[in-house]
Amino acid sequence: MSEHKLTGIILAGGKSSRMGYEKGLVLFNGKPMIEYSISVFSQLCNELIICSNHSCYNYLGYKVVPDIVPDCGPVGGLYSGLMVSHNELNLIAPCDAPFITIELYTYLLQNINKNNAVIPSTDGEINPLFGIYSSKCISLIQLLLLDNKYKMLRVVEELGAKIIAIKNNPEVFININTYEDLIKFSLKSPIQKG
């Protein structure tokens, strides 16, 4: 358990167009996908927020926050979550990443220091939907939204985020976007080798 007070923010505001159904509620190995992120964050965080414009997540018993600025993608969800968070440090994850681990976020927390954001990368690819963002990022994200800049990588760049290379288990960043992904990864965690 971290010595910090932490908020977990789960981004569940996508249109799920490729899945054709609210992605976070699609069953993966018998459990709604969003519950994997909840499982990790509930062990690390004293507050949990779901960023979504859909009331279907209310059953989980956590605060569900709609976009303050609509139609801005994940940046809008991140901004909305940070705006209602009660803690300075905020762990971020998408609702469709069933292989995320406590170890990933523990490692990122060890590297936050005085940085406003810490973001993991694998094989040189930055993963901005997983990471830690400080509440100090709010004003800069707000400026980017006002300037119609909605790309998460642009946010990471403008924040001067610390990028941490993850060499073990890059599979933690797998997103389940389609039914083909469900079939490919169900019942055989890609983290299990062999």
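Each chain has its residues counted from 1, following the order in which its sequence is written. Totals for whole chains, interfaces and linings use every residue, but because this is a predicted model, local features are given only for residues with pLDDT of at least 70 and side-chain atom pairs only at 80 or more, for both listing and counting. With hydrogens and water excluded, all non-hydrogen atoms of the structure serve as input to the side-chain values.

A. Layout of helix H5 (residues 152–159). Per-residue accessibility, obtained with a 1.4 Å probe over protein chains only, is compared with the maximum for each type, and a residue is labelled buried under 20%, exposed over 50%, and partly exposed between these values. Numbering of helices and strands runs from the N terminus, with a helix taken as a DSSP run of H or I at least four residues long and a strand as a DSSP run of E at least two residues long. Taken together, the buried positions of H5 are Met152, Val155, Val156 and Leu159. Each buried residue of H5 lies within a common arc of 100° when the element is viewed along its axis, so the set occupies one face. We call two residues in contact when some of their heavy atoms are within 4.5 Å. Buried residues along H5 sit in contact with helix H2 (73–84), strand E7 (117–122), strand E9 (131–134), helix H4 (138–146) and strand E10 (162–165). After H5 finishes, the residue Gly160 shows a positive phi value of roughly 65°. Each direction from the helix axis to a C-beta atom contributes to the arc, which is the arc of those directions.

B. Looking closely at the packing of helix H1 (residues 34–44) against helix H3 (residues 102–110). Axes here refer to lines fitted to C-alpha atoms; in helices the fit is confined to the stretch in contact. Angles between the N-to-C directions go from 0 to 180 degrees. Axis separation between H1 and H3 bottoms out at 9 Å; the angle between their running directions is 45°. As judged from the angle between their axes, H1 and H3 are oblique. In this structure, the crossing between H1 and H3 has a hand that is right-handed. Seen from H1, the contacting residues are Val40, Phe41, Gln43 and Leu44; seen from H3, they are Ile102, Tyr105 and Thr106. Here the nonpolar group is Ala, Val, Leu, Ile, Met, Phe, Trp, Tyr, Cys and Pro; Asp, Glu, Lys and Arg are the charged ones; every other residue, Gly included, is treated as polar. Of the residues contributing to the contact of H1 with H3, the split by class is five nonpolar, two polar and no charged. For classification purposes, angles smaller than 35 degrees are called roughly parallel, those larger than 145 roughly antiparallel, those between 65 and 115 roughly perpendicular, and all remaining angles oblique. Should the near helix be turned anticlockwise from the far one by less than a right angle, the crossing is termed left-handed; should it be turned clockwise, right-handed.

C. Structural detail: the packing of H4 against H5. One can describe the packing of H4 onto H5 by two numbers: an axis separation of 10 Å at closest approach and a directional angle of 135°. In terms of axis orientation, H4 runs oblique to H5. Relative to H5, H4 is oriented so that their crossing is right-handed. Contacts between H4 and H5 involve Leu140, Ile141 and Leu144 on the former and, on the latter, Arg154, Val155, Glu158 and Leu159.

Without other data, these values stay purely geometric and don't point to any function.
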